[in-house]
Amino acid sequence: ALLDTYANLGDVLSTLRRLYADRLSVRNELDGRAEQLERDARESDYLQFVVDELSSLEVDEGEEATLAARRSEHLATEKVADDLVAAQQALSDDSFESRLSQCTRRLSNAAKAFSTGVEPIEAAIERIDRVLSEAMEARALVEDITGRLAFDQNELNSVETRLFAIRAASRKHGVEADDLPRILK
């Protein structure tokens, strides 16, 4: 400072200090704008990602409710199918028919031992034969409905995959599933 005073550089020094302060101010403003530009670029990338994600998802209004209903139907059908298969297996149990047939044979043998008074035994045999016949018809009906009941595990998986993807996007963006298409607009 003593030399600056001796060389009479006070005005030059003031100008230099002001120019340096201006340079720092411009530099800080430039750094701030560069940071803002970087934030804007990240935001733009994120928004483009969201647009691409939602565009590829192609959610229709009301689709989430439709898929949820289809999923419920599939799960109910799966439960019914399990019950029908269990009923079919119970009716197809060889020991069931075998025991009834064995009972009929034994009653027939018992009826042969008597010459009179066999009407109650014959009535029992007739009823057991009807039960056996009805059981066979019931088994055929259960087999038929089981065959017609179309439970498709792949369809259920497809519905669940789509439904869960829509619900995940809905949670991610903090909106109802029906509002997802509106986000793109």
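Above this note sits the structure.
Attention in this report is confined to the structure presented alongside it. (Residues numbered from 1 in each chain as written. Predicted model: local features only at pLDDT ≥ 70, side-chain atom pairs only at ≥ 80, totals over all residues. Heavy atoms only, no water.)

Considerations on helix α5 (residues 119–148)
Stage number 1. Look at α5: 43 Å from first C-alpha to last across 30 residues, which is about the 44 Å you get at 1.5 Å a residue.
Stage number 2. Along α5, the residues classified as buried are Ile121, Ile125, Ile128, Leu132, Ala135, Arg139, Val142 and Thr146.
Stage number 3. Its buried side turned inward, α5 meets α3 (63–92) and α4 (94–112). (Helix = DSSP H or I, 4+ residues; strand = E, 2+ residues; numbered from the N terminus. Expected span 1.5 Å × (residues − 1). Buried < 20%, exposed > 50% of the residue type's maximum accessible area, 1.4 Å probe, protein only. Contact = heavy atoms within 4.5 Å.)

What to know about a nonpolar patch on the surface
Stage number 1. Nonpolar side chains collect at one region of the surface, where Tyr46, Leu47 and Phe49 lie side by side and expose about 300 Å² of accessible area between them.
Stage number 2. Mapped onto the elements of the fold, Phe49 is located in helix α2 (residues 10–57).
Stage number 3. Judged by its relative accessible area of 46%, Phe49 falls in the partly exposed class. (Patch = residues over 30% accessible without salt bridge, like charges linked within 9 Å, V, L, I, M, F, W, Y side chains within 5 Å. Areas by Shrake-Rupley, 256 points an atom, 1.4 Å probe, with all protein chains shown as cover. Salt bridge = Lys/Arg side-chain N within 4 Å of Asp/Glu carboxyl O.)

Describing the nonpolar core
Stage number 1. In terms of nonpolar packing, the biggest core is built from 11 residues, these being Val50, Leu54, Leu57, Val59, Leu67, Val159, Leu163, Ile166, Ala169, Ala177 and Leu180.
Stage number 2. A per-element tally of this core places helix α6 (residues 153–173) first, with four residues.
Stage number 3. When sequence neighbours within four positions are dropped, the list of residues in contact with Val159 reads Leu67, Arg70, Arg71 and His74. (Core = buried A, V, L, I, M, F, W, Y, C linked by side-chain atoms within 4.5 Å.)

A look at unusual backbone geometry
Stage number 1. Although it is not a glycine, Glu58 sits at a positive phi angle of roughly 45 degrees.
Stage number 2. On the secondary structure map, Glu58 appears in the loop between α2 and α3.

Brief notes about the packing of α3 against α5
Stage number 1. Running from N to C, α3 and α5 point in directions that differ by 150 degrees, and their axes come no closer than 9 Å. If you check the angle between α3 and α5, you find them roughly antiparallel. The crossing of α3 and α5 is left-handed. Contact with α3, carried on its side by Leu84, Val85, Ala87, Gln88, Leu91 and Ser92, involves Ala135, Ala138, Arg139, Val142, Glu143, Ile145 and Thr146 of α5 and no other residues of that element.
Stage number 2. Taken together, the residues of the contact of α3 with α5 sort by class into eight nonpolar, three polar and two charged. (Axes fitted to C-alpha atoms, helices over the stretch in contact; angles between N-to-C directions. Parallel < 35°, antiparallel > 145°, perpendicular 65-115°, else oblique. Left-handed = near helix turned anticlockwise from the far one by under 90°. Nonpolar A, V, L, I, M, F, W, Y, C, P; charged D, E, K, R; others polar.)

Details of the environment of Tyr46
Stage number 1. Within the element layout of this structure, Tyr46 appears in helix α2.
Stage number 2. For the pair Tyr46 and Val26, spaced 20 residues apart in the sequence, the C-alpha separation amounts to 30 Å.

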